[in-house]
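Listed below are the residues making up each chain.
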Amino acid sequence: MLKDKFIPDYMFDNVLRIKPEFFADNGIRFIVSDIDNTLTTYDEPIACEEIRDWLDRVEASGVRIAFISNNNEDRVYMFNSVHGYLTQSRAGKPGTRKLKKLLKRMGAERSAACMIGDQIFTDVLCAHRAGIRALMVRSMDVTGRPFLKFKKYFEHYFIEEYYARNPVR
Ligand SMILES: [Mg+2]
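Residues numbered from 1 in each chain as written. Predicted model: local features only at pLDDT ≥ 70, side-chain atom pairs only at ≥ 80, totals over all residues.

## Quick notes on the nonpolar core
Turning to step 1, where the next piece is worked out: One finds Val32, Leu99, Ala113, Cys114 and Met115 to be the most contacted residues of the largest nonpolar core, which totals 39 residues.
Turning to step 2, where the next piece is worked out: Broken down by secondary-structure element, the contributors of at least two residues to this core are β2 (30-33), α2 (49-60), β3 (64-68), α3 (73-80), α4 (97-106), β5 (113-117), α5 (120-129) and β6 (133-137).
Turning to step 3, where the next piece is worked out: No other element matches the five residues that α5 contributes to this core.
Turning to step 4, where the next piece is worked out: Once residues lying within four places of it in the same chain are set aside, the contact partners of Cys114 are Ile28, Ile31, Ile132, Arg133, Ala134 and Leu135. (Core = buried A, V, L, I, M, F, W, Y, C linked by C-beta atoms within 7 Å. Buried ≥ 20, exposed ≤ 12 C-beta atoms within 10 Å, placed from the backbone. Helix = DSSP H or I, 4+ residues; strand = E, 2+ residues; numbered from the N terminus. Contact = placed C-beta atoms within 7 Å.)

Written out as C-alpha coordinates, the structure reads:
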(Lines give C-alpha, C1' and ligand atoms only; values in the text may rest on other atoms or scores of the structure.)
Protein backbone atom coordinates (compact mmCIF):
# COMPACT_ATOMS: atom_id res chain seq x y z
CA MET A 1 0.00 0.00 0.00
CA LEU A 2 1.17 3.53 -0.76
CA LYS A 3 0.50 4.55 2.83
CA ASP A 4 3.03 1.98 4.05
CA LYS A 5 5.83 3.94 2.44
CA PHE A 6 5.28 6.71 5.01
CA ILE A 7 5.19 4.52 8.10
CA PRO A 8 8.52 3.95 9.83
CA ASP A 9 9.58 0.37 10.54
CA TYR A 10 10.94 1.34 13.94
CA MET A 11 10.55 4.42 16.12
CA PHE A 12 12.67 5.66 19.01
CA ASP A 13 12.70 8.90 20.98
CA ASN A 14 16.32 9.47 20.02
CA VAL A 15 19.28 7.43 18.82
CA LEU A 16 20.67 6.97 22.33
CA ARG A 17 17.61 4.82 23.09
CA ILE A 18 18.72 2.29 20.48
CA LYS A 19 20.95 -0.38 21.95
CA PRO A 20 23.87 -1.16 19.65
CA GLU A 21 22.74 -4.84 19.62
CA PHE A 22 19.41 -3.77 18.14
CA PHE A 23 20.98 -3.67 14.70
CA ALA A 24 22.50 -7.15 14.70
CA ASP A 25 19.31 -8.51 16.32
CA ASN A 26 17.33 -7.17 13.36
CA GLY A 27 19.74 -8.20 10.64
CA ILE A 28 21.00 -4.68 10.03
CA ARG A 29 24.66 -4.36 9.03
CA PHE A 30 24.52 -1.04 7.20
CA ILE A 31 23.18 2.26 8.50
CA VAL A 32 22.75 5.40 6.48
CA SER A 33 21.95 8.17 8.91
CA ASP A 34 20.56 11.63 8.44
CA ILE A 35 22.49 14.34 10.29
CA ASP A 36 20.37 17.41 11.07
CA ASN A 37 17.94 16.91 13.93
CA THR A 38 18.78 13.19 13.99
CA LEU A 39 22.37 13.21 15.29
CA THR A 40 22.75 16.90 16.08
CA THR A 41 20.79 20.15 15.88
CA TYR A 42 21.06 22.45 12.87
CA ASP A 43 23.17 24.86 14.91
CA GLU A 44 25.84 22.42 16.10
CA PRO A 45 28.74 21.56 13.77
CA ILE A 46 29.38 18.09 15.23
CA ALA A 47 27.52 15.56 17.36
CA CYS A 48 27.73 15.79 21.14
CA GLU A 49 30.04 13.41 23.01
CA GLU A 50 27.25 10.99 23.96
CA ILE A 51 26.17 10.56 20.37
CA ARG A 52 29.74 10.29 19.10
CA ASP A 53 30.27 7.56 21.66
CA TRP A 54 27.05 5.83 20.60
CA LEU A 55 28.19 5.86 16.95
CA ASP A 56 31.52 4.36 18.00
CA ARG A 57 29.76 1.58 19.89
CA VAL A 58 27.42 0.81 17.01
CA GLU A 59 30.36 0.68 14.61
CA ALA A 60 32.28 -1.56 17.02
CA SER A 61 29.31 -3.95 17.01
CA GLY A 62 30.06 -4.64 13.35
CA VAL A 63 27.71 -2.19 11.64
CA ARG A 64 28.91 -0.01 8.80
CA ILE A 65 27.74 3.61 9.08
CA ALA A 66 27.44 6.40 6.50
CA PHE A 67 25.86 9.85 6.62
CA ILE A 68 23.30 11.10 4.11
CA SER A 69 22.05 14.67 4.21
CA ASN A 70 20.16 17.11 2.04
CA ASN A 71 22.41 19.78 3.51
CA ASN A 72 25.51 21.10 1.71
CA GLU A 73 29.04 19.67 1.42
CA ASP A 74 30.57 22.01 4.01
CA ARG A 75 28.08 21.03 6.67
CA VAL A 76 28.45 17.32 6.03
CA TYR A 77 32.25 17.51 5.75
CA MET A 78 32.54 19.33 9.09
CA PHE A 79 30.10 16.98 10.81
CA ASN A 80 31.95 13.93 9.52
CA SER A 81 35.41 15.30 10.36
CA VAL A 82 35.40 13.47 13.70
CA HIS A 83 34.13 10.19 12.18
CA GLY A 84 35.53 9.71 8.69
CA TYR A 85 32.59 7.69 7.38
CA LEU A 86 31.31 7.65 3.82
CA THR A 87 28.97 10.57 3.19
CA GLN A 88 26.47 11.88 0.70
CA SER A 89 25.58 15.57 0.86
CA ARG A 90 22.84 17.33 -1.15
CA ALA A 91 21.19 13.93 -1.22
CA GLY A 92 17.86 15.13 -2.60
CA LYS A 93 15.85 12.89 -0.22
CA PRO A 94 13.14 11.66 -0.76
CA GLY A 95 14.68 11.13 -4.18
CA THR A 96 16.55 7.83 -4.16
CA ARG A 97 19.32 8.27 -6.72
CA LYS A 98 21.98 9.46 -4.25
CA LEU A 99 20.92 6.98 -1.58
CA LYS A 100 21.29 4.09 -4.01
CA LYS A 101 24.71 5.40 -5.01
CA LEU A 102 25.76 5.56 -1.37
CA LEU A 103 24.50 2.03 -0.64
CA LYS A 104 26.54 0.80 -3.58
CA ARG A 105 29.67 2.56 -2.26
CA MET A 106 29.08 0.87 1.10
CA GLY A 107 28.66 -2.51 -0.52
CA ALA A 108 25.32 -2.80 1.25
CA GLU A 109 22.58 -5.26 0.41
CA ARG A 110 19.24 -3.53 0.76
CA SER A 111 17.83 -6.24 3.02
CA ALA A 112 20.59 -5.57 5.56
CA ALA A 113 20.41 -1.77 5.43
CA CYS A 114 18.40 0.88 7.20
CA MET A 115 18.03 4.65 7.15
CA ILE A 116 17.89 6.57 10.41
CA GLY A 117 16.16 9.93 10.17
CA ASP A 118 13.75 12.34 11.80
CA GLN A 119 11.42 13.17 8.93
CA ILE A 120 8.74 11.04 7.33
CA PHE A 121 8.44 12.91 4.04
CA THR A 122 12.20 13.00 3.57
CA ASP A 123 13.98 10.13 5.32
CA VAL A 124 11.32 7.46 5.79
CA LEU A 125 9.92 7.93 2.31
CA CYS A 126 13.38 7.90 0.74
CA ALA A 127 14.32 4.68 2.54
CA HIS A 128 11.16 2.86 1.55
CA ARG A 129 11.29 4.04 -2.05
CA ALA A 130 14.81 2.57 -2.22
CA GLY A 131 13.70 -0.68 -0.59
CA ILE A 132 15.46 -0.36 2.76
CA ARG A 133 14.06 -0.16 6.27
CA ALA A 134 13.36 3.17 7.97
CA LEU A 135 14.10 3.91 11.59
CA MET A 136 12.66 7.19 12.81
CA VAL A 137 13.70 9.29 15.78
CA ARG A 138 12.09 12.45 17.10
CA SER A 139 13.52 15.70 15.71
CA MET A 140 15.99 17.13 18.21
CA ASP A 141 14.91 20.76 17.81
CA VAL A 142 12.36 22.42 15.55
CA THR A 143 12.18 25.78 17.32
CA GLY A 144 12.46 28.72 14.95
CA ARG A 145 11.77 26.53 11.94
CA PRO A 146 8.10 27.09 11.07
CA PHE A 147 8.19 24.97 7.91
CA LEU A 148 9.52 21.99 9.85
CA LYS A 149 6.77 22.40 12.43
CA PHE A 150 4.24 22.48 9.61
CA LYS A 151 5.59 19.22 8.19
CA LYS A 152 5.60 17.65 11.66
CA TYR A 153 1.87 18.32 11.84
CA PHE A 154 1.26 16.12 8.81
CA GLU A 155 3.45 13.34 10.19
CA HIS A 156 1.02 12.67 13.06
CA TYR A 157 -1.27 10.51 10.98
CA PHE A 158 1.52 8.12 10.04
CA ILE A 159 3.04 8.06 13.51
CA GLU A 160 -0.34 7.11 14.98
CA GLU A 161 -0.58 4.37 12.40
CA TYR A 162 2.86 3.12 13.45
CA TYR A 163 1.75 2.86 17.09
CA ALA A 164 -1.50 1.18 16.06
CA ARG A 165 0.57 -1.48 14.31
CA ASN A 166 3.29 -1.64 16.96
CA PRO A 167 1.63 -1.27 20.35
CA VAL A 168 4.09 -0.20 23.03
CA ARG A 169 4.80 -3.28 25.12
MG1 LIG B 1 16.79 15.65 9.58
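## What about α2?
Turning to step 1, where the next piece is worked out: Its twelve residues place the ends of α2 16 Å apart at the C-alpha level, agreeing with the 16 Å of an ideal helix rising 1.5 Å per residue.
Turning to step 2, where the next piece is worked out: Turning to α2, its buried residues are Trp54, Leu55 and Val58. Looking down the long axis of α2, one finds its buried residues gathered within 100 degrees of arc, a one-sided arrangement. Away from the buried face of α2 by more than 90 degrees, exposed residues Glu49, Asp53 and Ala60 are located. (Expected span 1.5 Å × (residues − 1). Arc of directions from axis to C-beta.)

## Some points on unusual backbone geometry
Turning to step 1, where the next piece is worked out: Lys93 connects to Pro94 through a cis peptide bond whose omega is 10 degrees.
Turning to step 2, where the next piece is worked out: Tracing the sequence through the fold places Pro94 in the loop between β4 (86-88) and α4.
Turning to step 3, where the next piece is worked out: The residue Asn37 is not glycine, and still its phi comes out positive at about 70 degrees.
Turning to step 4, where the next piece is worked out: Mapped onto the elements, Asn37 comes out in the loop between β2 and α2.
Turning to step 5, where the next piece is worked out: Even without being glycine, Arg90 reaches a positive phi, approximately 40 degrees.
Turning to step 6, where the next piece is worked out: Given 13 C-beta atoms within 10 Å, Arg90 falls into the partly exposed group.

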